[in-house]
Amino acid sequence: VVKGDALEQILNQRVTVVVQTGDPLFFSQFLSTKLANERLSRRVMKHGRGFTISTNVISAVGQMVTPGDLVDVLVSFPMPGEQGERRAVTLMQKVHVLATGKLLDTSSSVVMKDGQGFGDATLLLTAEEAEVLTLAAQLGHVVLTLRNEEDYDDDREAGSYTSSDTLLSGER
């Protein structure tokens, strides 16, 4: 969430989603207004980071994720010391997709042919989020889930997760 002391970081930035009065502002909702020459670095807002993760058909919603989409980032990982126990955590919510493969926007002259996908997605993160996602990718399996562009609510409470036991017992 953009707080009062960080407002200067979003000044002169373009909003990438519909924002209504009273809605909280998130850094992932802004793109730099300097989009000349289609350089990806110009699409990263001030103090933001473009972070690329490896994807496949399953981890990128059937490779239907496109630049400009909002995604949640989930990670599943084995629990240390617990034989066969795994957890899945919603690591980040409402993350802006900067690029998929070499595609920087949906109006690009590059058109993917049927069966031709992309092997990575570049996300707009803060430096801290990039650090967290780096560790998460090393510890487990990262997947993206697609969000509606008007969905601003955080669906998960901090610290919540799904475990192997949750799947087997159905308890939350």
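Everything numeric here is computed off the predicted structure, so don't read it as measured data.

Observations regarding the overall build of the protein chain
Right, so step 1: Scanning the protein chain for helices and strands turns up two helices and eight strands.
Right, so step 2: Listing the helices and strands of the protein chain from first to last along the sequence gives β-β-β-β-β-β-α-β-β-α.
Right, so step 3: Buried residues in the protein chain amount to 37% of all 172 residues.
Right, so step 4: Considering only contacts within the protein chain whose residues lie at least 6 apart along the sequence, 66% involve residues at least 24 apart.
Right, so step 5: Counting every atom, the protein chain has about 10600 Å² of accessible surface; 51% of that belongs to carbon and sulfur.

Quick look at helix H1 (residues 127–139)
Right, so step 1: For H1, spanning 13 residues, the distance from its first C-alpha to its last is 19 Å, which sits close to the expected 18 Å at 1.5 Å a residue.
Right, so step 2: Taken residue by residue, H1 has Ala130, Leu133 and Ala136 as its buried positions. Buried residues in H1, looked at end-on, bunch into an arc of 125 degrees, giving them a common side. Of the exposed residues in H1, the ones pointing more than 90 degrees away from its buried face are Glu128, Glu131, Leu135, Gln138 and Leu139.

Quick look at unusual backbone geometry
Right, so step 1: Phi at His47 is positive, roughly 70 degrees, even though this residue is not glycine.
Right, so step 2: In this structure His47 comes out as partly exposed when scored by relative accessible area, which is 45%.

Quick word on the confidence of the model for the protein chain
Right, so step 1: Confidence in the prediction of the protein chain, expressed as mean pLDDT, is 75, and 69% of residues score 70 or more.
Right, so step 2: Confidence scores differ between elements of the protein chain, with strand E2 (residues 30–32) showing the lowest mean pLDDT of 58 and H1 the highest of 91.
Right, so step 3: Segment residues 32–37 is flagged for pLDDT under 50; beyond a separation of four residues in sequence, or across chains, it makes 14 contacts in the model.
Right, so step 4: A low-confidence stretch, residues 107–115 (pLDDT under 50), is modelled with five contacts involving residues beyond four sequence positions or located in other chains.

So, the nonpolar core
Right, so step 1: In terms of nonpolar packing, the biggest core is built from 20 residues, with Val73, Leu123, Leu125 and Leu133 touching the most fellow members.
Right, so step 2: Mapped by element, the contributors of at least two residues to this core are strand E3 (49–54), strand E4 (70–78), strand E5 (86–100), strand E6 (120–125), H1 and strand E7 (141–147).
Right, so step 3: In this view, Leu125 contacts Gly48, Arg49, Phe51, Met92, Val95, Ala130 and Leu133; residues no more than four positions away in its chain are not counted.
Right, so step 4: With eight residues, the next largest nonpolar core counts Val2, Ile10, Met45 and Leu124 among its residues.

With respect to the pairing of E6
Right, so step 1: Among the six residues in E6, five count as buried, and that is most of the element.
Right, so step 2: Where E3 lies against E6, six bridges are found, and the strand directions are antiparallel. Among the inter-strand pairings, Ser54 is bridged to a residue of E6, identified as Asp120.
Right, so step 3: Bridge analysis of E5 against E6 gives four bridges, and the strand direction is antiparallel. By the bridge assignment, Val97 is partnered in E6 with Leu123.

Here's the deal with the environment of Ile58
Right, so step 1: Here Ile58 is to be found in the loop between E3 and E4.
Right, so step 2: By relative accessible area, Ile58 is classed as exposed at 67%.
Right, so step 3: A sequence separation of 85 residues divides Ile58 from Val143, and the C-alpha atoms of the two residues are 7.7 Å apart.

Thoughts on the pairing of E4
Right, so step 1: Bridging between E4 and E5 involves eight bridges; their strand directions are antiparallel. Within the sheet, the bridge partner assigned to Leu70 lies in E5 and is His96.

Thoughts on the pattern of salt bridges
Right, so step 1: Inspection of the entire model under this criterion finds one salt bridge.
Right, so step 2: Of the charged contacts, one joins Asp72 and Arg147 as a salt bridge, the two residues approaching to 2.8 Å between their closest N and O atoms. With a gap of 75 residues between them, Asp72 in strand E4 and Arg147 in strand E7 connect regions that are remote in the sequence. The pair Asp72 / Arg147 is uniform in exposure class, with both members buried.

Conventions used here
One numbering rule holds for all chains: residues counted from 1, following each sequence as written. Per-residue local features are limited, in this predicted model, to residues with pLDDT of at least 70; the limit for side-chain atom pairs, both in listing and counting, is 80 or more; totals at the level of whole chains, interfaces and linings are taken over all residues. Hydrogens are left out, water is left out, and the side-chain values use all remaining heavy atoms of the structure. Numbering of helices and strands runs from the N terminus; a helix is a DSSP stretch of H or I covering at least four residues, while a strand is a stretch of E covering at least two. The buried label applies to any residue whose accessible area, calculated with a 1.4 Å probe on protein chains only, is under 20% of its type's maximum; exposed applies above 50%, and partly exposed to all values in between. We call two residues contacting when some pair of their heavy atoms lies within 4.5 Å. The Shrake-Rupley method, run with a 1.4 Å probe, gives the accessible areas here. Residue values count only the displayed protein chains as cover. One fewer than the residue count of a helix, multiplied by 1.5 Å, yields its expected span. It is the directions from the helix axis to the C-beta atoms that the arc portrays. What pLDDT reports is the predictor's confidence in each residue, on a scale of 0 through 100. Each nonpolar core is a collection of buried residues, namely Ala, Val, Leu, Ile, Met, Phe, Trp, Tyr and Cys, held together in the definition by side-chain atoms within 4.5 Å. Two strands pair under a simple rule: DSSP has to find at least two bridges between them. In what follows, salt bridge is the name for a side-chain nitrogen of Lys or Arg lying within 4 Å of a carboxyl oxygen of Asp or Glu.

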